[in-house]
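Residue-level structure breakdown
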Amino acid sequence: MSEKNDGANRDATKRSARERLLAERERQKKKDKRRRTLIVSAAVVGVLGLAAVVGLIAANTGKGDKSAKAGPVAAPSGATGKDALAIQTGKPEAKSTLTVWEDFRCPACKAFEDNYRATVHDLEARGLLKVDYHLVTLIDGNMTGTGSLKAANAAACAQDAGKFPAYHDVLFQNQPQEADDAYGKNPRLLELAGKVEGLDTPAFRSCVDSGTHNSWVAKSHEAFRAGKFRGTPSVLLNGKDIFADQAHPLTPQKLKEAVEAAAKGNGGAAANPKGTGSPSASPSPSASPSGKSSSSSLSSSSSSSSSAPVSGSRAGGGGPAKAGAAED
């Protein structure tokens, strides 16, 4: 009887030990599960926290950019015209005024400058013509980037230093490909300033790096949009759009004749001499309804007897240029 009881007790002890072991394993499993849950939760909280910080930094960065563009409008030295949005070259007493709306990233603007630069400078030197330049950021909107804005700001900084005409020409002579936002990098703009004697100074560098005239450039672009111009370049002579007549393409010689006629008092000939004009901008097959990455066809020439097609940059939603829309 005693042996049976001893056997039963041993069995009971073994079962009890197994049960305790199983219970302990269950408790350990639950403990491990809770620990894993806490680790995962902590990781999730950490990721969310990091995301929140990154989001806050990004939000603050965006606000900083907006505040820079929305800052006080600082017009460059000597700016003229309505709201001081034009930079004038030539002699103020010149009888004819050429009003030019252009973008330093715009290929058609470069073509206009390359073809007409010598003629314009000659007429300026003779005291017959003054030019009101209005700077636009059309390509930044069409192609993305900041090159139009930063180059325009740098040109305004050059105006502060009395070096706008030379730096303006250097920017167009060294213009990158339209899709290349090289002018969005200040070091490139400062490098090109070295090509203009006396321009690369601490004051100029500070003006470029701080975007001193960014808000002024933005206001100039707003005026361009309000004027409902077709695109860039938009060029007016004495208030008349001289790129509006497809039947009579403009040439440097015709521009010269028109300005000389105005200087002699023949106002009608100056406004639209026989055969003077150029094709109006019309959308190319690649133009999109929104105006993104679109172009126009213009005609210009470096010779006095022929005209060459030039691809222009079209303003989204813009209609025909209004006569006198860019008058100051």
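Only a predicted model underlies this, so the values are computations on that prediction, with no experimental measurement involved. (Residues numbered from 1 in each chain as written. Predicted model: local features only at pLDDT ≥ 70, side-chain atom pairs only at ≥ 80, totals over all residues. Heavy atoms only, no water.)

**Some remarks on the overall build of the protein chain**
Regarding its fold elements, the protein chain presents 10 helices and eight strands. Of the roughly 16,700 Å² of accessible surface on the protein chain, 55% is carried by carbon and sulfur atoms. (Helix = DSSP H or I, 4+ residues; strand = E, 2+ residues; numbered from the N terminus. Areas by Shrake-Rupley, 256 points an atom, 1.4 Å probe, with all protein chains shown as cover.)

**Quick word on the packing of aromatic side chains**
Scanning the model with the defined rule gives seven aromatic pairs in all. Where Phe-112 meets Tyr-116, the ring centres are 4.9 Å apart and the plane angle is 25 degrees; that geometry is what we call stacked. On the criterion of helical spacing, the pair formed by Phe-112 and Tyr-116 is a turn pair, its members being four residues apart in helix 2 (residues 107-125). In this pair, the class of Phe-112 matches that of Tyr-116, namely buried. (Phe/Tyr/Trp six-rings, centres within 6.5 Å; stacked < 30°, edge-to-face > 60°. Buried < 20%, exposed > 50% of the residue type's maximum accessible area, 1.4 Å probe, protein only.)

**What about helix 6 (residues 186-193)?**
Within the sequence span of helix 6, burial applies to Asn-186, Leu-189, Leu-190, Leu-192 and Ala-193. Across the axial projection of helix 6, the buried residues extend over an arc of 160 degrees, all falling on one side. Opposite the packed face of helix 6, turned more than 90 degrees from it, sit the exposed residues Pro-187 and Glu-191. (Arc of directions from axis to C-beta.)

**Quick notes on the state of the cysteines**
In total, this model carries one disulfide according to the counting rule given. The partner cysteine of Cys-157 in its disulfide is Cys-207, sulfur to sulfur 2.0 Å. A torsion of -80 degrees about the S-S bond marks the disulfide between Cys-157 and Cys-207 as left-handed. Separated by 50 residues along the polypeptide, Cys-157 in helix 4 (residues 147-160) and Cys-207 in helix 7 (residues 202-210) bring together distant segments of the chain. Assigned by exposure class, Cys-157 and Cys-207 land together as buried. (Disulfide = S-S within 2.5 Å.)

**As for the nonpolar core**
Judged by nonpolar contacts, the single largest core of 51 residues is most densely connected at Leu-98, Phe-104, Tyr-167, Leu-171, Phe-204 and Leu-255. In terms of residue count, helix 4 provides more of this core than any other element does, eight residues in total. Those residues within four positions of Leu-255 in sequence are excluded, and the remaining contacts are Leu-98, Tyr-116, Thr-119, Val-120, Leu-237, Ile-242 and Leu-250. One finds Trp-101, Leu-138, Phe-224 and Phe-229 within the second-largest nonpolar core, a separate group that totals six residues. (Core = buried A, V, L, I, M, F, W, Y, C linked by side-chain atoms within 4.5 Å. Contact = heavy atoms within 4.5 Å.)

**Quick notes on the environment of Ala-151**
Considering the arrangement of structural elements, one finds Ala-151 in helix 4. Remark: the alpha-carbon pair of Ala-151 and Asn-186, spanning 35 residues in sequence, is separated by 8.4 Å. For Ala-151, the residues in contact, after removing those within four places along its chain, are Phe-104, Leu-171, Tyr-183 and Leu-189.

**A closer look at the sheet that holds strand 6 (residues 240-241)**
Sheet strands pair by backbone hydrogen bonding; their relative direction is either parallel or antiparallel. Strands sit in the order 1-3-2-5-6 across an open sheet of five strands; the sheet is mixed. In this open sheet, the two strands that pair with only one neighbour each are strand 1 (87-90) and strand 6. (Pairing = 2+ DSSP bridges.)

**Things to note about the environment of Cys-157**
Among the residues examined, Cys-157 registers a relative accessible area of 3% and is labelled buried. Separated by 49 residues in sequence, Cys-157 and Ser-206 have C-alpha atoms that sit 9.2 Å apart. If near-sequence neighbours (up to four positions away) are discounted, Cys-157 is found in contact with Phe-204, Cys-207, Val-208 and His-213.

**Brief notes about the side chain of Arg-105**
Along the chain, Arg-105 falls in the loop between strand 2 (96-102) and helix 2. Residue class for Arg-105 comes out buried when judged on its relative accessible area of 2%. Within the structure, Arg-105 has its side chain in polar contact with the backbone oxygen of Thr-144 (distance 3.0 Å). In this structure the side chain of Arg-105 is engaged in a polar contact, spanning 2.9 Å, whose partner is the backbone oxygen of Glu-178. (Polar contact = N/O pair within 3.5 Å; in protein donor to acceptor, adjacent residues only side chain to side chain.)

**With respect to the side chain of Ser-148**
Topologically, Ser-148 is positioned in helix 4. What Ser-148 contacts, discounting residues up to four positions off in sequence, is Asp-103, Arg-105, Val-136, Thr-137, Ile-139 and Asp-140.

**Things to note about the pairing of strand 5 (residues 234-237)**
Covered by surrounding structure in strand 5 are Ser-234 and Leu-236 together with Val-235 and Leu-237, the residues of both alternating faces. When strand 2 meets strand 5, the two strands line up antiparallel, connected through four bridges. From the neighbouring strand, Val-100 faces strand 5, where its bridge partner is Val-235. Here two bridges tie strand 5 to strand 6, and the two strands are oriented antiparallel to one another. Bridged to Leu-237 within strand 6 is Lys-240.

**Some points on the pattern of salt bridges**
Taken as a whole and judged by the stated rule, the model has 11 salt bridges. Here Asp-140 ties to Arg-105 by a salt bridge, and the two come within 2.9 Å at their closest N and O atoms. Placement of the pair is Asp-140 in helix 3 (residues 138-143) and Arg-105 in the loop between strand 2 and helix 2, with a sequence separation of 35 residues. Accessibility assignment for this pair places Asp-140 and Arg-105 in one class, buried. Among the salt bridges present, the one from Arg-126 reaches Asp-122, with a minimum N-O distance of 3.5 Å. Accessibility expressed as a relative area gives 40% for Arg-126, which makes it partly exposed. Since its relative accessible area comes to 35%, Asp-122 is described here as partly exposed. (Salt bridge = Lys/Arg side-chain N within 4 Å of Asp/Glu carboxyl O.)

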